[in-house]
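# Structure assessment
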Amino acid sequence: MLTKRIIACLDVTGGRVVKGVKFQQLRDAGDPAELAAAHSEAGADEVVLLDISATHEKRATLVDTVRRTAQQLFIPFTVGGGIRSLDEAMAVFDAGADKISINSAALADPSLITSIADRYGSQAVIVAIDAKRIDGQEKFEAYVHGGRTPTGHDAVAWAQEAERRGAGEILLTSMDCDGTGAGFDCGLTRIVSEAVNIPVIASGGGGDTQSFVEVFQRGRADAALAASIFHFGLRHLADLKRELQAAGIPVRWPC
Amino acid sequence: MIAVVDYRAGNLTSVKKALDHLGADAVVTQDPKVVAKAGKIILPGVGHFSATMILEQTGLRSAILHRIERGVPFLGVCVGLQWMFDSSDEAPAIPGLGLFPEKCERFPADVKSPHVGWNSLTCDQGSRLLRGIPSGSFVYFTHSYRAPVVKATVARSEYGGEFSAAVEQGHLFGAQFHPEKSGAIGLKLLENFCGL
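Residues numbered from 1 in each chain as written. Chains lettered and ligands numbered in written order. Predicted model: local features only at pLDDT ≥ 70, side-chain atom pairs only at ≥ 80, totals over all residues.

## Details of the overall build of chain A
Where we set the bar: Every helix listed is a DSSP run of H or I at least four residues long, and every strand listed is a run of E at least two residues long, numbered separately from the N terminus. Here the globule rule is a power law, 2.2 Å times the number of residues to the power 0.38, and the radius of gyration is based on C-alpha atoms. A residue is called partly exposed when the number of other C-beta atoms within 10 Å of its own lies between 12 and 20, exposed at 12 or fewer, and buried at 20 or more, with C-beta atoms placed from the backbone. What counts as a contact here is a pair of residues whose C-beta atoms, placed from the backbone, lie within 7 Å.
A count of helical and extended segments in chain A gives nine helices and 12 strands. For chain A, the C-alpha radius of gyration of 17 Å lies close to 18 Å, the compact-globule estimate for 255 residues. Residue burial in chain A is summarised as follows: out of 255 residues, 54% are buried. Taking all contacts inside chain A whose residues are at least 6 apart in sequence as the whole, residues at least 24 apart take part in 65%.

If you want it as structure tokens, here you go:
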């Protein structure tokens, strides 16, 4: 049967992997190609490279990083961060990405989703949505620009439109839980997962094994993305997969 | 020389990279004259079945057929496997190669579509394509339409019912999953094909 995916996310800037909480105090975490290969060896089902450069002006650096990283990987490789046009997406695909993830640019112009999907297929287009709870309600607002700018758009309605426009998957990040390690927002994840027919990747708040069990069961997530728990020796990917299997969650293990 | 057919159906870089990694002499081509000289042919393809229309328009379809008739090994991947069948409900007016008379269909409505992720294979014995790949191995799928289980099916997978994960008939092979994205197992499959 289809397994739940554990996706390792590497934040990169200037050709290096970095880690920090909410874009503050960024620390160098290593070489992207080496880290991506290490995560793949340890059992990651996919790798995402997210370019978090402040201005995304150094596209050549990113493309070079993508090419070097892709060389090391024989599992699905997604690149996101600052992709604003079909041309930029093409450069990233040519460098070796299997999928791209778009966020702010898709909200600004949803036809971008369709133009990339028409050329590369829907399965190559992930729409990333950063969502924050609106106080006291089971409603969520979509944010852009690294989760800093509210858009006034309902996150669930936007996910449904992204699907209609040709998105193959939704990468859903909870702004409230991101960086806390205290658990995913299972309520948010479930609402979006039930609102669309495409896979939903949960992001933001992944911590212990139980938090992953919950986002798969209560949250109905098809995959879960985590970054900080895999870096700096905070967490071993293989341990997580072994424990998920023991808890009855279908995962690719051993691999 | 292995001809990897480019018919503008998605990104081929991963397929080429995997073949390069295995040391295969692989050429990505849109040219029927190159296909006409190939010792092996790989037809990848992601996206919509309608993209296969280009194969007819460019002369690639006849070039492939001629080589197949001469016993040249052929591997269809993802849409490439579906094209080996009669047709697909995704684009019913476009004929596939017709090696198998059945058609490809959508997944049922009670499962999410596309089928994305790592799923396990139930493998038959004796397949050359799957030599060294045991039942229970995980491979990576991403598709919205699937081919039914037929006599030539050598591996099945389960998602909203069973479907063909791999087919094999003489020198004709197909994989619904992406061997170039399925880690060591996928590389083994490509190695088996290259070594024929």
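## A closer look at the interface of chain B and chain A
Interface extent is often summarised as the accessible area lost during association of the parts. The following threshold applies: The residue classification treats Ala, Val, Leu, Ile, Met, Phe, Trp, Tyr, Cys and Pro as nonpolar and Asp, Glu, Lys and Arg as charged. All others, Gly included, are polar.
With 26 residues of chain B at the interface, the matching set in chain A holds 27 residues. Only helix H1 (13-21), strand E7 (115-120), strand E9 (138-143) and helix H6 (183-194) of chain B provide two or more residues apiece to the side of chain B that touches chain A. Element by element, the count of residues in the side of chain B that touches chain A is highest for E7 of chain B, at five residues. For the side of chain B that touches chain A, the class distribution of residues is nine nonpolar, 12 polar and five charged.

## What to know about helix H8 (residues 209-217) of chain A
Basically, it comes down to this: To obtain the arc, one takes the directions from the helix axis to the C-beta atoms.
Where H8 of chain A is concerned, the buried positions are Ser-211, Phe-212, Val-215 and Phe-216 of chain A. Here the buried residues of H8 of chain A occupy an arc of 130° about the axis, which is enough to place them on one side.

## A closer look at the nonpolar core
Side chains of a nonpolar character, in soluble globular proteins, are inclined to be buried together. Convention followed: Put simply, a nonpolar core is buried Ala, Val, Leu, Ile, Met, Phe, Trp, Tyr and Cys residues tied into one set by C-beta atoms within 7 Å.
In terms of nonpolar packing, the biggest core is built from 144 residues, with Leu-10, Ile-100, Val-127, Ile-170, Ile-201 and Ala-224 of chain A touching the most fellow members. Dropping the residues within four chain positions of it, Leu-10 of chain A is found in contact with Val-17, Pro-32, Leu-35, Ala-36, Val-47, Leu-49, Leu-50 and Ala-227 of chain A.

## A few points about the environment of Leu-97 of chain B
Residues and elements named next belong to chain B. Mapped onto the elements of the fold, Leu-97 is located in the loop between strand E5 (85-88) and strand E6 (100-106). Along the backbone, Leu-97 and Trp-83 are 14 residues apart, and their C-alpha atoms lie at a distance of 5.8 Å. Excluding its chain neighbours within four sequence positions, the residues that come into contact with Leu-97 are Trp-83 and Met-84.

## Let's talk about the sheet that holds strand E8 (residues 122-123) of chain B
Neighbouring strands of a sheet are bound in pairs by backbone hydrogen bonds; such pairs are parallel or else antiparallel. Residue and element names in this part refer to chain B. Heads up, the rule is: Should DSSP find at least two bridges between two strands, the strands are taken to pair. Every angle, taken between N-to-C directions, lies between 0 and 180 degrees, and every axis is a line fitted to C-alpha atoms, over only the stretch in contact when it is a helix.
Strands sit in the order E2-E1-E3-E4-E13-E12-E11-E8 across an open sheet of eight strands; the sheet is mixed. Edge positions in the open sheet fall to strand E2 (26-29) and E8, since each of these has one partner strand only. The strands touched by H1 within the sheet are strand E1 (2-5), E2 and strand E3 (40-43), with E2 carrying the most contacts at an inclination of about 165°.

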